[in-house]
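Structural overview
In case you want the letters, here they are:
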Amino acid sequence: MTDARKLDFMVAAYMFVLLLLGRLIFIYPNQRYLYILNHDDFYVLSFLFIIASALMIHFFMEGSKKKKLLSLFVATCIIYAGVGAYYYANLPAYTYEEAVEKVEAYERKAGKTVQVQLPEGNYQKLGIGDHTFLKMTDHVYYIYLEVEGEPVSYRFYPLDGQFEHSTRSLVD
(Lines give C-alpha, C1' and ligand atoms only; values in the text may rest on other atoms or scores of the structure.)
Protein backbone atom coordinates (compact mmCIF):
# COMPACT_ATOMS: atom_id res chain seq x y z
CA MET A 1 0.00 0.00 0.00
CA THR A 2 1.42 3.38 -0.97
CA ASP A 3 1.79 6.29 1.46
CA ALA A 4 -0.97 8.23 -0.31
CA ARG A 5 -3.32 5.26 -0.03
CA LYS A 6 -2.49 4.83 3.65
CA LEU A 7 -3.22 8.50 4.26
CA ASP A 8 -6.57 8.23 2.47
CA PHE A 9 -7.42 5.24 4.63
CA MET A 10 -6.43 7.21 7.76
CA VAL A 11 -8.69 10.09 6.77
CA ALA A 12 -11.62 7.70 6.25
CA ALA A 13 -10.92 5.97 9.59
CA TYR A 14 -10.59 9.36 11.28
CA MET A 15 -14.00 10.48 9.99
CA PHE A 16 -15.57 7.21 11.16
CA VAL A 17 -14.09 7.62 14.65
CA LEU A 18 -15.38 11.20 14.66
CA LEU A 19 -18.88 9.93 14.03
CA LEU A 20 -18.71 7.65 17.04
CA LEU A 21 -16.82 9.84 19.50
CA GLY A 22 -18.78 12.97 18.62
CA ARG A 23 -21.99 11.12 19.35
CA LEU A 24 -20.75 10.15 22.80
CA ILE A 25 -19.92 13.76 23.70
CA PHE A 26 -23.55 14.77 23.34
CA ILE A 27 -25.27 11.59 24.55
CA TYR A 28 -23.40 11.32 27.85
CA PRO A 29 -25.55 13.67 30.04
CA ASN A 30 -28.86 12.67 28.46
CA GLN A 31 -29.67 9.83 30.89
CA ARG A 32 -29.51 12.21 33.86
CA TYR A 33 -32.31 14.27 32.29
CA LEU A 34 -34.63 11.34 31.39
CA TYR A 35 -33.52 11.51 27.72
CA ILE A 36 -35.11 14.91 27.06
CA LEU A 37 -32.08 16.68 25.57
CA ASN A 38 -31.98 17.61 21.89
CA HIS A 39 -28.49 16.17 21.53
CA ASP A 40 -29.00 15.28 17.86
CA ASP A 41 -29.13 18.96 16.89
CA PHE A 42 -25.73 19.66 18.41
CA TYR A 43 -24.19 16.48 17.03
CA VAL A 44 -25.39 17.22 13.50
CA LEU A 45 -24.36 20.88 13.75
CA SER A 46 -20.83 20.01 14.87
CA PHE A 47 -20.47 17.34 12.21
CA LEU A 48 -21.66 19.75 9.50
CA PHE A 49 -19.01 22.24 10.67
CA ILE A 50 -16.40 19.47 10.51
CA ILE A 51 -17.42 18.47 6.97
CA ALA A 52 -17.34 22.13 5.89
CA SER A 53 -13.89 22.48 7.45
CA ALA A 54 -12.69 19.31 5.74
CA LEU A 55 -13.88 20.60 2.36
CA MET A 56 -12.27 24.01 2.86
CA ILE A 57 -9.01 22.43 3.99
CA HIS A 58 -9.03 19.99 1.08
CA PHE A 59 -9.81 22.52 -1.65
CA PHE A 60 -8.29 25.76 -0.40
CA MET A 61 -5.28 24.80 1.71
CA GLU A 62 -1.89 24.38 0.10
CA GLY A 63 0.48 21.70 1.33
CA SER A 64 0.87 17.98 1.81
CA LYS A 65 -1.88 15.57 2.76
CA LYS A 66 -0.30 15.13 6.18
CA LYS A 67 -0.49 18.86 6.79
CA LYS A 68 -4.13 18.86 5.69
CA LEU A 69 -4.93 15.92 8.00
CA LEU A 70 -3.28 17.68 10.92
CA SER A 71 -5.24 20.85 10.12
CA LEU A 72 -8.45 18.83 10.02
CA PHE A 73 -7.62 17.31 13.40
CA VAL A 74 -7.05 20.76 14.92
CA ALA A 75 -10.25 22.12 13.36
CA THR A 76 -12.19 19.14 14.70
CA CYS A 77 -10.88 19.68 18.22
CA ILE A 78 -11.82 23.36 18.06
CA ILE A 79 -15.31 22.63 16.73
CA TYR A 80 -16.08 19.90 19.26
CA ALA A 81 -14.67 22.03 22.07
CA GLY A 82 -16.79 25.03 21.05
CA VAL A 83 -20.06 23.23 20.39
CA GLY A 84 -19.50 20.91 23.36
CA ALA A 85 -18.80 23.83 25.70
CA TYR A 86 -22.01 25.55 24.56
CA TYR A 87 -23.95 22.31 24.98
CA TYR A 88 -22.69 21.57 28.49
CA ALA A 89 -23.00 25.20 29.61
CA ASN A 90 -26.67 25.24 28.63
CA LEU A 91 -27.84 21.94 30.10
CA PRO A 92 -31.17 22.22 31.93
CA ALA A 93 -30.90 23.61 35.44
CA TYR A 94 -32.87 20.68 36.92
CA THR A 95 -32.96 16.92 36.63
CA TYR A 96 -36.25 15.20 37.43
CA GLU A 97 -35.12 14.38 40.97
CA GLU A 98 -34.06 17.98 41.62
CA ALA A 99 -37.38 19.21 40.22
CA VAL A 100 -39.30 16.92 42.57
CA GLU A 101 -37.27 18.20 45.53
CA LYS A 102 -37.95 21.83 44.58
CA VAL A 103 -41.71 21.36 44.21
CA GLU A 104 -41.89 19.26 47.38
CA ALA A 105 -40.01 21.96 49.33
CA TYR A 106 -42.40 24.59 47.96
CA GLU A 107 -45.42 22.68 49.25
CA ARG A 108 -43.77 21.88 52.60
CA LYS A 109 -42.90 25.55 53.09
CA ALA A 110 -46.63 26.24 53.31
CA GLY A 111 -46.78 23.81 56.27
CA LYS A 112 -48.63 21.08 54.41
CA THR A 113 -48.05 17.34 54.60
CA VAL A 114 -46.61 16.19 51.30
CA GLN A 115 -45.98 12.78 49.84
CA VAL A 116 -44.30 12.37 46.46
CA GLN A 117 -45.97 10.02 43.97
CA LEU A 118 -43.37 8.66 41.55
CA PRO A 119 -44.75 7.21 38.32
CA GLU A 120 -43.23 3.98 37.07
CA GLY A 121 -42.58 4.99 33.47
CA ASN A 122 -40.90 8.03 32.00
CA TYR A 123 -43.89 8.71 29.74
CA GLN A 124 -45.87 9.85 32.81
CA LYS A 125 -43.02 12.03 34.01
CA LEU A 126 -42.59 13.91 30.74
CA GLY A 127 -44.55 16.28 28.59
CA ILE A 128 -43.33 16.61 25.03
CA GLY A 129 -43.30 19.98 23.31
CA ASP A 130 -42.71 21.03 19.72
CA HIS A 131 -39.13 20.54 18.55
CA THR A 132 -37.11 23.69 18.01
CA PHE A 133 -33.63 23.59 16.51
CA LEU A 134 -30.76 24.11 18.97
CA LYS A 135 -32.97 24.52 22.00
CA MET A 136 -31.62 22.30 24.77
CA THR A 137 -35.00 20.67 25.42
CA ASP A 138 -38.64 21.09 24.49
CA HIS A 139 -39.93 18.82 27.25
CA VAL A 140 -41.40 19.49 30.67
CA TYR A 141 -41.45 17.31 33.75
CA TYR A 142 -44.68 16.34 35.46
CA ILE A 143 -44.45 15.99 39.22
CA TYR A 144 -47.17 14.27 41.20
CA LEU A 145 -47.73 14.87 44.89
CA GLU A 146 -50.28 14.03 47.49
CA VAL A 147 -50.80 17.23 49.50
CA GLU A 148 -53.00 16.99 52.57
CA GLY A 149 -54.44 13.76 51.11
CA GLU A 150 -55.35 15.34 47.77
CA PRO A 151 -53.57 14.56 44.47
CA VAL A 152 -51.75 17.57 43.02
CA SER A 153 -49.61 17.76 39.91
CA TYR A 154 -47.18 20.32 38.61
CA ARG A 155 -45.71 21.10 35.21
CA PHE A 156 -42.01 21.85 35.72
CA TYR A 157 -39.77 23.54 33.16
CA PRO A 158 -36.28 22.02 33.55
CA LEU A 159 -34.43 24.82 31.75
CA ASP A 160 -35.27 27.56 34.23
CA GLY A 161 -36.94 25.83 37.21
CA GLN A 162 -40.32 27.49 36.82
CA PHE A 163 -43.37 25.38 37.69
CA GLU A 164 -47.12 25.68 37.72
CA HIS A 165 -50.14 23.63 38.70
CA SER A 166 -51.26 21.12 36.10
CA THR A 167 -54.54 19.33 35.47
CA ARG A 168 -52.71 16.14 34.52
CA SER A 169 -53.25 13.24 36.90
CA LEU A 170 -51.13 10.21 37.55
CA VAL A 171 -53.78 7.81 36.21
CA ASP A 172 -54.09 9.54 32.77
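Quick summary incoming for the structure in this document. Sequence order sets the numbering: in each chain, residues are counted from 1 along the sequence as written. Only residues with pLDDT of at least 70 get local features here, since the model is predicted, and only at 80 or more are side-chain atom pairs given and counted; chain-wide, interface and lining totals rely on the full set of residues. In computing side-chain properties, one takes all heavy atoms of the structure into account and sets aside hydrogens as well as water.

Once that is clear, we can look at unusual backbone geometry. Even without being a glycine, Tyr-35 presents a positive backbone phi close to 60°. For helices the rule is a DSSP run of H or I covering at least 4 residues; for strands it is a run of E covering at least 2, with both sets numbered from the N terminus onward. Mapped onto the elements of the fold, Tyr-35 is located in the loop between helix H1 (3-27) and helix H2 (39-60). For Glu-148, which is not glycine, the phi dihedral falls at a positive 55°. Here Glu-148 shows up in the loop between strand E3 (140-147) and strand E4 (150-156). Exposure remark for Glu-148: the relative accessible area of 48% places this residue in the partly exposed category. For each residue, the accessible area found with a 1.4 Å probe, counting protein chains only, is set against the maximum for its type, and the residue is called buried under 20%, exposed over 50%, and partly exposed in between.

Glancing now at the environment of Phe-59. You can see Phe-59 is positioned in helix H2. Along the chain, Phe-59 and Ala-85 lie 26 residues apart, while their C-alpha atoms are 29 Å from each other.

Salt bridge, as used here, is a side-chain nitrogen of Lys or Arg placed within 4 Å of a carboxyl oxygen of Asp or Glu. Applying the stated criterion across every chain yields a total of 4 salt bridges. In this structure, Arg-108 engages Glu-104 in a salt bridge whose closest nitrogen and oxygen atoms are separated by 2.8 Å. Here Arg-108 and its partner Glu-104 are both found in helix H4 (residues 96-109), 4 residues apart, which amounts to about one turn of the helix. For Glu-104, a relative accessible area of 19% corresponds to the buried category.

Looking now at H2. To estimate how far a helix should reach, multiply one less than its number of residues by 1.5 Å. Look at H2: 31 Å from first C-alpha to last across 22 residues, which is about the 32 Å you get at 1.5 Å a residue. Of the positions making up H2, those classed as buried are His-39, Asp-41, Phe-42, Tyr-43, Leu-45, Ser-46, Phe-47, Ile-50, Ser-53, Ala-54 and Ile-57. Only heavy atoms matter for contacts: two residues are in contact if any of them lie within 4.5 Å across the pair. Lining the buried residues of H2 we find H1 and helix H3 (65-89).

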